[in-house]
Amino acid sequence: MTWRSPLALVRDALQGQRARERELRSLVSNLPYEGQEKGKQPNRFFLSNAIKTTKYSLLLFLPMNLYEQFHRLANLYFVGLAILNFIPVVNAFQPEVALIPICVIMLLTALKDGWEDFRRYQSDRKVNNTPCFVYSRREKQYVERRWKDVRVGDFVRVVSNEIVPADLLLLYSSDPNGVCHLETANLDGETNLKQRIVVSGLGAANLGFEPESFNSTVVCERPNSNLNHFKCFVEKPDKDKVGASIESLLLRGCTVRNTNHAVGFVVYAGHETKAMLNNNGSRYKRSKLEQKLNVDVFFCLILLFAMCLIGAFGHYLWLESLPGVPSFLVPDSNGHLDVPSLESFYMFFTMIILLQILIPISLYVSIELVKVGQIFFITNDIDLYDEETDSRVQCRALNITEDLGQIEYVFSDKTGTLTENKMVFRRCSVMGTEYPHKENGKSAFPTSPQQYSSVMPFTVMLKSVGHQQLPRSRWSLEAEDISPPDTQRHGRRRKSKVAANAHSDAAFSSPLETEVIPDQKLLQQISRAESSGGRRDGNRSFDPHLDFFLALAICNTVVVSAENAHRQRLIIKCVSYCSIVTFCYAVTLTQECTSPQSSQMRNPLETFSSLVKKAGAFFQRDKRNRTLSEDPVIDSAKTEDEADANRLRTCSLHAPSQNGSTIVEAEELCYEAESPDEAALVYAARAYGFILLARTPDSVTVRLPSGEDLVFEVLDTLTFDSNRKRMSVLVRHPVTKDYVLYTKGADYSIMELLGTPYAENFSGTEKNIAADTQYHLDCYAKEGLRTLCITKKVVSESTCQSWLGERKRAQAAMECREELIMQTAVQLETNLTLLGATGIEDRLQEKVPDTIVALREAGIHVWVLTGDKPETAVNIGYACRLLEEEDLVINMSCKNKVTCTAILDCTLEEVRRYRDDPRNAGTTQNISLVIDGNTLDMAKSPDLQERFVELTKHCRSVLCCRVTPLQKSAVVKLVREKLKVMTLAVGDGANDVNMIQAADVGIGISGQEGMQAVMASDFAISRFKHLKKLVLVHGHWCYTRLANMIIYFFYKNVAYVNLLFWYQFFCGFTATTMIDYWLMIFFNLFFTSTPPIMFGIFDKDVSVEVLQGVPELYRTGQGKGEYNFLTFWIAILDAFYQSLVCFFIPYLAYQDSDVDLFTFGTPLNTAALFTILLHLGIEIKSWTLVHWIIMLGSVALYFIVTLAYTATCVTCNPPSNPYWILQNQMADPMFYLIVTLCTVVALLPRYTFHVLKNSVAPSPLLQGRQLDR
């Protein structure tokens, strides 16, 4: 290694910093520079791939940890007092003794921090030493390296099921279509596969890739944390630029699936990768209780200074009152005594040292321990465990558990949060004709009337079927590899794990979503369209019914995989309707769905229709053949057992071909959709015979009902975004050779783009297709269905080529790329031809209405924020009981600000008139508000937001529809800041992240849309119904326990410190103590430290059943709650009274006697112990064995330690002598009399107050406890 001057090192460091801060980076291959020194490497300024998440190093651990701990003002305060005690003129204790408490606290904290950092070090070392394959020019092959050795500019080869070591620009894939399948579950929790595409124009994909021949320059943007966007282009030697986006980027931490191998160019490494930039650790939130605690600590600090001033002033008066110089005042070496004013100044600091425990040093540590205990009980609550997904509640924020007990506003998403997010294809409208699909979706639910909700069809509640016989169309999941007795014993648990595996491997794959029963009328229409033309008749493609289902099959991003998928799969052997196929799990049917008789029918769709009718009986006959097994495929693709392959055949949606051979071989398809809507539409198309067979970046293969396979050339895909609210696919039709744009999207974004819908082919009333379709859409929305419009546009060849050129330039742009891409999409999506619309049902989750009603009864305002149409949102609002029939529902949908202002003013005036009417005294008006996104923007404007917030304060529920993710977070912030209330936001998708992070408490639901919401949340649950117990029970317990424990902590410290303070009036305010220093330290450190922690973890003021049955009890924690200004100062005053009793009763008992100092202090210390512990006993609401053990153990520990200390310590603290003090006291009956009398008199007022309060004016919580008896 050559020596380099410090100036050169500084120069390189500055150059590297400038290179990393540039907006654009130019990267070249490292291969030409392999083996050269680092100074000649072109990419040397960029970070290596090694990561370091530890905070400390071995040598710097102690100073860095101390520096971090001193950021806590409490630690700085106590260390300062300990150092002050080393100054002779102000010390109160032995200097070493004063250091013990703070040293113990800081040592425990350092050990905890060190252990956590050591675990991070072990994790870093494991990740950094993970092997990978990097191309070596010297070896002419890929060689094994460690992740930490990967550099920007290297070529890395990743194989199937291998984790990507760095952010790679995909240059080659073993897939002939240049596709690499990626699983991003480690980043965003989504288990569905993503397609990544090789950068186009860099060589033939089928000829392999030679890294040494890569001589282009990769220009990319500066690293950022956005997982959905990436700007880059590859500049060839001829200066031709090829654009690349996130679709060509393999992110670090993702797993390669279904692809033999792929090669990528490292663009970001180590801490500059998107995964590491998103790894910010747990977020710190300060709870409302903690903020109130800091205020009370400040009050205690003021009280401490006041007591110290009294002590200093009293010491001055005492010195001035002395007639001469007493013998106990020792002068300095020069025989000089300080003047009384200076002595009193010194005494001020001495009193601070003596009374320092007025600020509870162990309170913060005790709070952390209590929260750990509370989190343990929350996460292990069996009622919050979801058997279907095998998941339990997660506590991701460890310091705001008590905030769950003070919630006043709940903001909830709808789709996936209140609903299942399992989409069922229920209705469609094609060319103005509505097809209801009445039978679809019914068979997947219990059929008894008791198991259905009473209002709407889509509000069916998923209740347990118990041991009843399942409907015929349900899957029977039974283990294939265990015996019948074992199945009976473990069946339920195994089924839950099977469901969990299914849920984790792929979303949107339940039978409820995949079973689509075709509408007979629409089947006949398609049959006529198919039979009206020849095999290659170009007119056939113009039939709108065929185009409608082609659009459903083509216009999506669904990934199709074959049976050799390199993922762990579930093989389900089952008989079902012929329309059922696997969705991420291979489904094999146990019988042929076509019979010899059916193959002779004239129309294959009639064959399929008859088969649907006979499928139910077929189920009953072959039920015992339904089995389930797991088959993990890891290293390579494996086919199923040959015997099974010969015995089992897949269901065909078409008749055999003329030559007698089946058009579809026995194959298994695996669909991977990014949203449940797409999955539902693909399965709907499949049910009518339009089967999506394959998808590549350049083509889509669809099988028609006749069995003919059409390969559409994909020219471009205009992906969905929240601004356009639609997606489009531009393809070239294989039959007509036309350029066709298929588009689907929200009705309000599609209808304004329509041209003339097939008007030239129809006459009369059929020209009103758009109006009829809009009417059907409104009907769908009123029924609570999710609606989409389907359109088509034929683009001329010249227009298409021109547009593709503009699109390519937009994709290669580095500045304003998103805006340019958006403009090109909007430019093409005009003059669309309406084909039809779909209505998809999203069923409510189990017990959603009960949960919302309980939250409202608990005094919580419930808001639902959704992007659905107002009609859909209102319908679901009534179904989930967010809106009630007796409510006064205010609908705000304004076109301009003047109308919005008028509605706000009129409504507020009506609310005030109702409130001021004396006839309505004691009653509340049930008001609910429904507002759309445009009106919401007007209402949030600076001049109207005060009136809007005032109105919402009087509404018990608010329904916001057509809102964007940014509007969701803005609403939460507005309510939280204007009303100063505790807010909770709950959602399940990436669009809910902003809302979740804006609320005081964010809750994510691990649903069908990945884990983004969970990863951004403070708590994670699997079902909305769990919110009821989490908030109303655990939230209430966490808050009341912690609030009462904090109040008790302040009481305990003030009561004990005042014993020392009262004694100063009798010792000239000289900071003398009547209790041994060590026993004073042990009192707070050991004797009375465990009971309040136990109190904060185990105490239950009301049982689970009562809290859930009487939600009104939750109101006690809202607003100021139990821990407020009044309760704090009552506890402080009670502490002053009890300290007076515990001091003056022993003082009067021993007055005019000759007892020594410690003989007087020992009964006083013992009486204080019993008073403080029995005070806690009065506050404990539910005694358990743990309570008795801790309380009796504390008393026993006091006597054991004190007896042992006084028996062995002869001259531990000279000139004091605590030897044999307690032993002598315990032999004196006066000791027991004093202790008993002090304890009774001290606790009598508090006990009397509790008795009178509970008898005369019992609190709601006491009435709730009485319900348990």
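Note that this is a predicted model, so its numbers are computed, not measured.

Here we take up the overall build of the protein. Secondary structure assignment for the protein yields 39 helices and 36 strands. Counting every position in the protein, which comprises 1269 residues, the buried fraction comes to 55%. Expressed as a percentage of contacts within the protein between residues at least 6 apart in sequence, the contacts between residues at least 24 apart total 76%. Accessible surface computed for the protein: about 55,900 Å², of which carbon and sulfur atoms make up 56%.

All right, on to the pattern of salt bridges then. In this structure the tally under the stated criterion is 47 salt bridges. Ionic pairing is found between D113 and K112, a salt bridge with its closest N-O pair at 3.2 Å. In this structure D113 comes out as buried when scored by relative accessible area, which is 8%. Residue classification places K112 among the partly exposed positions, given a relative accessible area of 37%. R947 is paired through a salt bridge with D905; the nearest N and O atoms lie 3.0 Å apart. Residue R947 is located in helix α26 (residues 945-953), and its partner D905 is located in helix α24 (residues 897-916); the two are separated by 42 residues in the primary sequence.

Judged by nonpolar contacts, the single largest core of 101 residues is most densely connected at L355, M1045, I1046, F1050, M1074 and Y1123. Tallying contributions element by element places helix α30 (residues 1026-1064) first for this core, with 19 residues. Ignoring sequence-local partners within four residues, the contact set of L355 consists of L304, M307, V1057, L1060 and F1061.

With that settled, consider the UniProt feature "active site" (unreviewed entry) in the protein. Look at the UniProt record and you will see "active site" (unreviewed entry) annotated at D413. Tracing the backbone through its elements, the reader meets D413 in strand β15 (residues 409-413). A relative accessible area of 5% places D413 in the buried class. For D413, the contacting residues outside a window of four places in its chain are L418, L865, K968, V986, G987, D988, D992 and M995. A distance of 3.2 Å separates a polar atom in the side chain of D413 from a polar atom in the side chain of K968.

Axis separation between helix α31 (residues 1077-1087) and helix α36 (residues 1185-1208) bottoms out at 11 Å; the angle between their running directions is 155 degrees. By the angle between their directions, the pair α31 and α36 is classed as roughly antiparallel. Crossing hand, α31 versus α36: right-handed. Of α36, the residues touching α31 (which contributes W1078, L1079, F1082, F1086 and F1087) are S1194, L1197, Y1198, V1201, T1202 and Y1205. Class assignment of the residues belonging to the contact of α31 with α36 gives a composition of nine nonpolar, two polar and no charged.

For the rest of this paragraph, the subject is the packing of aromatic side chains. Scanning all chains against the criterion turns up 52 aromatic pairs. A centroid spacing of 5.1 Å and a plane angle of 90 degrees characterise the contact between F548 and F549, whose relative ring orientation is edge-to-face. When its relative accessible area of 0% is taken as the criterion, F549 is described as buried. Where Y1063 meets F1143, the ring centres are 6.5 Å apart and the plane angle is 65 degrees; that geometry is what we call edge-to-face. Of this pair, Y1063 sits in helix α30 while F1143 sits in helix α34 (residues 1125-1149), placing them 80 residues apart in sequence. Residues Y1063 and F1143 agree in their burial class; the two are buried. We note K292 situated over the ring of Y1123; from NZ or CZ to the ring centre the distance is 4.8 Å.

To continue, consider helix α1 (residues 6-21). Along its 16 residues, α1 runs 23 Å from first to last C-alpha, staying within 8% of the 22 Å computed at 1.5 Å per residue. Three or more residues of α1 are buried, namely A8, D12, G16 and A19. With its buried residues spanning 70 degrees around the axis, α1 presents them on a single face. Summarising the geometry of α1, the exposed residues directed more than 90 degrees from the buried face are P6 and L7. Residues of α1 that are buried make contact with β1 (24-27).

What counts and what doesn't
- Residues numbered from 1 in each chain as written.
- Predicted model: local features only at pLDDT ≥ 70, side-chain atom pairs only at ≥ 80, totals over all residues.
- Heavy atoms only, no water.
- Helix = DSSP H or I, 4+ residues; strand = E, 2+ residues; numbered from the N terminus.
- Buried < 20%, exposed > 50% of the residue type's maximum accessible area, 1.4 Å probe, protein only.
- Contact = heavy atoms within 4.5 Å.
- Areas by Shrake-Rupley, 256 points an atom, 1.4 Å probe, with all protein chains shown as cover.
- Salt bridge = Lys/Arg side-chain N within 4 Å of Asp/Glu carboxyl O.
- Core = buried A, V, L, I, M, F, W, Y, C linked by side-chain atoms within 4.5 Å.
- UniProt positions renumbered as here; feature names shortened; annotations may be inferred.
- Polar contact = N/O pair within 3.5 Å; in protein donor to acceptor, adjacent residues only side chain to side chain.
- Axes fitted to C-alpha atoms, helices over the stretch in contact; angles between N-to-C directions.
- Parallel < 35°, antiparallel > 145°, perpendicular 65-115°, else oblique.
- Left-handed = near helix turned anticlockwise from the far one by under 90°.
- Nonpolar A, V, L, I, M, F, W, Y, C, P; charged D, E, K, R; others polar.
- Phe/Tyr/Trp six-rings, centres within 6.5 Å; stacked < 30°, edge-to-face > 60°.
- Lys NZ or Arg CZ within 6 Å of the ring centre and 35° of its normal.
- Expected span 1.5 Å × (residues − 1).
- Arc of directions from axis to C-beta.

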